[in-house]
Amino acid sequence: MLPPFDYFTYRRIRDLKRRERAARFSSLSPDYHAPFSAIDRVIINKPIQDLVYEVQNESLAPLDVLRTYGKVAVKAHEKTNCVTELLLPEAEAWAQSEVNLKGPLAGVPISLKDSVQVKGFDITLGYTKFACKPYKEDGPMAKLLKDAGAVPYAKTALPVTLLSFESANALWGHCRNPHVPEYSPGGSTGGEGALLALGGRIGIGSDVAGSVRVPAAWSGIYSLRCSTGRWPKVGVNTSMAGQEGVASVFSPMARTLNDLTYFTKAIVGMKPWNYDHTVHPISWREDEEIEAQNKRLRIGLMSNDGVVPPTPAIERALSTTVAALTAAGHTVSEITPPAAADTFSGLALASQLLNSDGCVTFNSHLHSFEPSDPGADQLTRICNLPRPLRYLYYLWVRYIRRDEKWATLIRGFAPKSAAELWKLTAQREAFRATWHNWWDAETQQYDFILCPVNATPALPHKAMHDAVSSCGYTFLWNLLDYTAGVVPVSHVDAKKDALSGPYKKVLKQLGASNAVAQGAWKHYDAVKMAGLPTAVQVVGRRWQEEKVLGYMAAVEEALEQYEDPVTGDGGKYPLIELD
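Residues numbered from 1 in each chain as written. Predicted model: local features only at pLDDT ≥ 70, side-chain atom pairs only at ≥ 80, totals over all residues. Heavy atoms only, no water.

With that out of the way, let us pick up the overall build of the chain. Tallying secondary structure elements over the chain gives 24 helices and 13 strands in all. Relative to the 2.2 N^0.38 estimate, which gives 25 Å for 579 residues, the radius of gyration of the chain is 23 Å and therefore close to what a compact globule would have. Taken along the three principal axes of its C-alpha coordinates, the chain extends 70 × 65 × 45 Å. Within the chain, the proportion of its 579 residues that are buried is 60%. Residue pairs at least 24 apart in sequence account for 81% of intrachain contacts in the chain once pairs closer than 6 positions are excluded. Surface summary for the chain: the accessible area is close to 21800 Å², and the carbon and sulfur share equals 54%. (Helix = DSSP H or I, 4+ residues; strand = E, 2+ residues; numbered from the N terminus. Rg over C-alpha atoms; globule rule 2.2 N^0.38 Å. Buried < 20%, exposed > 50% of the residue type's maximum accessible area, 1.4 Å probe, protein only. Contact = heavy atoms within 4.5 Å. Areas by Shrake-Rupley, 256 points an atom, 1.4 Å probe, with all protein chains shown as cover.)

This part covers helix α16 (residues 387–400). Between its first and last C-alpha atoms α16 spans 19 Å; for 14 residues at 1.5 Å apiece the expected length is 20 Å, and the two agree. Three or more residues of α16 are buried, namely Arg390, Tyr394 and Val397. Buried residues in α16, looked at end-on, bunch into an arc of 70°, giving them a common side. Exposed residues lying more than 90 degrees from the buried face of α16 are Pro388, Leu392 and Ile400. Buried residues belonging to α16 abut α15 (374–384) and α17 (404–412). Downstream of α16 by one or two residues, Arg402 has phi in the positive range, about 55°. (Expected span 1.5 Å × (residues − 1). Arc of directions from axis to C-beta.)

Across all of its chains, the model carries 30 salt bridges by this definition. Taking the shortest distance from any N to any O, the salt bridge between Glu546 and Arg230 comes out at 2.6 Å. With a gap of 316 residues between them, Glu546 in helix α24 (residues 545–561) and Arg230 in the loop between β7 (222–225) and β8 (249–254) connect regions that are remote in the sequence. For the pair Glu546 and Arg230, one class covers both residues: buried. (Salt bridge = Lys/Arg side-chain N within 4 Å of Asp/Glu carboxyl O.)

Let us now look at the sheet that holds β8. Ordered in space as β1-β3-β2-β6-β8-β7-β12-β13-β11-β9-β10, the eleven strands form an open sheet in which the pairing is mixed. The sheet terminates laterally at β1 (83–86) and β10 (331–334), the two strands that pair on one side only. Strand-to-strand twist across the sheet, computed as the mean angle between neighbouring axes with direction ignored, equals 30°. Strand direction decides the pairing type here: strand β6 (residues 202–207) and β8, joined by six bridges, are antiparallel. When the sheet's bridge partners are listed, Ile202 is paired in β8 with Ala254. Packing of helix α6 (residues 88–97) onto the sheet brings it into contact with β1 and β3 (151–156), and relative to β3 it is tilted by some 160°. (Pairing = 2+ DSSP bridges. Axes fitted to C-alpha atoms, helices over the stretch in contact; angles between N-to-C directions.)

Turning our attention to the side chain of Asn81. In this structure, Asn81 sits in the loop between α5 (62–80) and β1. Among the polar contacts made by the side chain of Asn81, one reaches the main-chain carbonyl oxygen of His174 at a distance of 3.0 Å. With sequence-adjacent residues up to four places away left out, Asn81 is seen in contact with Arg21, Ala76, Ala157, Trp172, Gly173, His174, Cys175 and Arg176. (Polar contact = N/O pair within 3.5 Å; in protein donor to acceptor, adjacent residues only side chain to side chain.)

Quick look at the pairing of β6 now. Consecutive side chains along a regular strand alternate between the two faces of the sheet. With respect to burial, β6 is a largely interior element, six of its six residues being buried. Neither face of β6 is left uncovered, since the one carrying Ile202, Ile204 and Ser206 and the one carrying Gly203, Gly205 and Asp207 both have all their residues buried. In this structure, strand β2 (residues 109–113) lies alongside β6, joined through three bridges in parallel fashion. Bridge pairing in β6 links Ser111 to Gly203.

Under the local residue numbering, the UniProt record ascribes the feature "active site" (unreviewed entry) to Lys113, Ser188 and Ser211. For the annotated residues, spread through 99 residues, the largest C-alpha to C-alpha distance comes to 10.8 Å, consistent with a single compact locus. Here Ser188 shows up in the loop between β5 (173–174) and α8 (190–197). Residues contacting Ser188, with those up to four places away along its chain left out, are Lys113, Ala157, Leu158, Pro159, Leu162, Ser164, Glu166, Ser167, Ser206, Ser211 and Pro215. You can see Ser211 is positioned in the loop between β6 and α9 (213–219). The exposure class assigned to Ser211 is buried, which follows from its relative accessible area of 4%. In contact with Ser211, not counting residues within four places along its chain, are Lys113, Leu162, Gly187, Ser188, Thr189 and Ser206. Here the side chain of Ser211 touches Ser188 through a polar contact of 3.1 Å, side chain to side chain. (UniProt positions renumbered as here; feature names shortened; annotations may be inferred.)

Counting 93 residues, the largest nonpolar core has Leu145, Tyr153, Ile204, Phe263, Leu450 and Met552 as its most contacted members. The element contributing the most residues to this core is α24, with nine residues. For Ile204, the contacting residues outside a window of four places in its chain are Ile110, Ser111, Leu112, Lys113, Met141, Leu145, Thr189, Glu192, Trp231, Phe250, Ser251 and Phe263. If you look at the next biggest cluster of nonpolar residues, it comprises 91 residues, including Ala313, Trp439, Leu479 and Ala517. (Core = buried A, V, L, I, M, F, W, Y, C linked by side-chain atoms within 4.5 Å.)

As a further point, take unusual backbone geometry. Residue Ser188 is reached from Gly187 by a cis peptide bond, and omega for that bond is 5°. Unlike most non-glycine residues, Gln445 shows phi in positive territory, near 50°. Locating Gln445 in the fold gives a position in the loop between α18 (418–440) and β11 (448–451).

Once that is clear, we can look at the packing of aromatic side chains. Counted under the stated rule, the structure contains 16 aromatic pairs. Centre to centre, the rings of Tyr393 and Trp396 are 6.4 Å apart; their planes meet at 20°, and the pair counts as stacked. Of the two residues, Tyr393 and Trp396 are both situated in helix α16; the distance of three residues between them amounts to about one turn of the helix. Residue classification places Trp396 among the partly exposed residues on the basis of a relative accessible area of 43%. Three or more aromatic residues joined by ring pairs form one cluster here, namely Trp435, Trp438, Trp439, Tyr446, Trp477 and Tyr482. Taking the ring centre of Phe36 as reference, the NZ or CZ of Lys75 above it sits at 5.4 Å. (Phe/Tyr/Trp six-rings, centres within 6.5 Å; stacked < 30°, edge-to-face > 60°. Lys NZ or Arg CZ within 6 Å of the ring centre and 35° of its normal.)

Further remarks concern the packing of α5 against α6. Between α5 and α6, the shortest axis-to-axis distance is 10 Å and the interhelical angle comes to 160°. In terms of their interaxial angle, α5 and α6 are classed as roughly antiparallel. The two elements α5 and α6 cross, and the hand of that crossing is right-handed. Together, Pro62, Leu63, Leu66, Arg67 and Gly70 of α5 and Leu88, Ala91, Glu92, Ala95 and Gln96 of α6 make up the contact between the two elements. Considering only residue class, the contact of α5 with α6 consists of six nonpolar, two polar and two charged. (Parallel < 35°, antiparallel > 145°, perpendicular 65-115°, else oblique. Left-handed = near helix turned anticlockwise from the far one by under 90°. Nonpolar A, V, L, I, M, F, W, Y, C, P; charged D, E, K, R; others polar.)

Here you go:
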């Protein structure tokens, strides 16, 4: 149907897919809707190594494991609306016929971001145009997982456009935070964050500006942003096919650090380069992981990205982590990023590279009047301004509002010609070289950089209208293609994390009155956010997945052993109690 009448197609497909999903849940056997049993709780909390061992020696049936995690998916979806496609009936058949139960992930149920290709199911990406077009074959990612012994059992929520720290779309609705439902679980892999926080085991998401790290931080789980070429990416779809200025990478997420490390090692051990031509043949380097975990570390601290200061809850999580690492005998010192490639310049450059088509591609998949993400709508409006009007807008922001940072982002946010894109790509390579040389210099030589994941804890639904550009703490490392992991620290406390005054006044005192910072801070409310997770980010260099996982273990161990004598901060991060 032609525009604008295809609006009715959007409505029809939306209603059809939601009915199909509801029918799949309601048609499950009563076992999936039963309360968690004592055996379920043992399976959910069993170390992954033990789970695999028991499946392989046939003391634990893979179907029993799958049915336990099927219960998890049902209950998590009821609470958060995190599942897009429920794979359970098919997963039961796969567990008995297609999955290699001698593999390193034997019987381990795995959830997947909606964008992964699984036979018999759509990849909608939250767009109705992509619905009702099931794939006939598994993609390389799904094939690798089954060969490793894993059992895909659910596909999970994401935002339409995949360019948001929200996870909502008109097709499936809003995914809710597992801790405080009025807030987002993060994005674009937010459904994974919600499901894993509520008892799921392991998931796979994608990350182009923080899309596995922000959901991990906002939902209270662990994730690892791999460097390009270390993790498979063929057999998945994206809203911006062909965009390689800042490459999207698929990466693992898990409820525990032990699961994350085991899973990452298992996948690399499967020689994914035999499944996917984009993967580099780099075998797992066990010695690097062990060395990183067991030595005295020299840590660089990036406490502020120079654009959006961390809010009090995030600042407390960061300071607690610094204190814990110092108490454990590690050295932590504030970094001074290279002047020729500062963090704001990275944000401006990455923003131009990511949307060099002027937001055309991700909008082209929408039916007429099909709602988009509020943040993506903001970007689109700026891109669609005629050049003279955009320049006038820039002048007004720069010289009347005196907001140099927001003005700089506005001026560069426009469609690029091929020649302009080439120049930006050359700037990206120069930026990477500058950081490489900076880190190599004798005055640095940090093992890793510690920084926030985001300036705020989880934000309320639709807040991306204001906070879409507040992504500098994650986006920088995508631009540099560095490996980065997320470690949960604590939760927001209504009293400890309260603002000392109105947010604009506090930002002014911090010298950060730009619109990007205001867009994020305007939603900060420690009382309403009480109970939301806080986290830190551990950043290594390119292709240092083993080291970063080792550094994450060192951070977690330090936090477990530390308790602040005044505030009581520190200790082991508590998982959500299963209902």
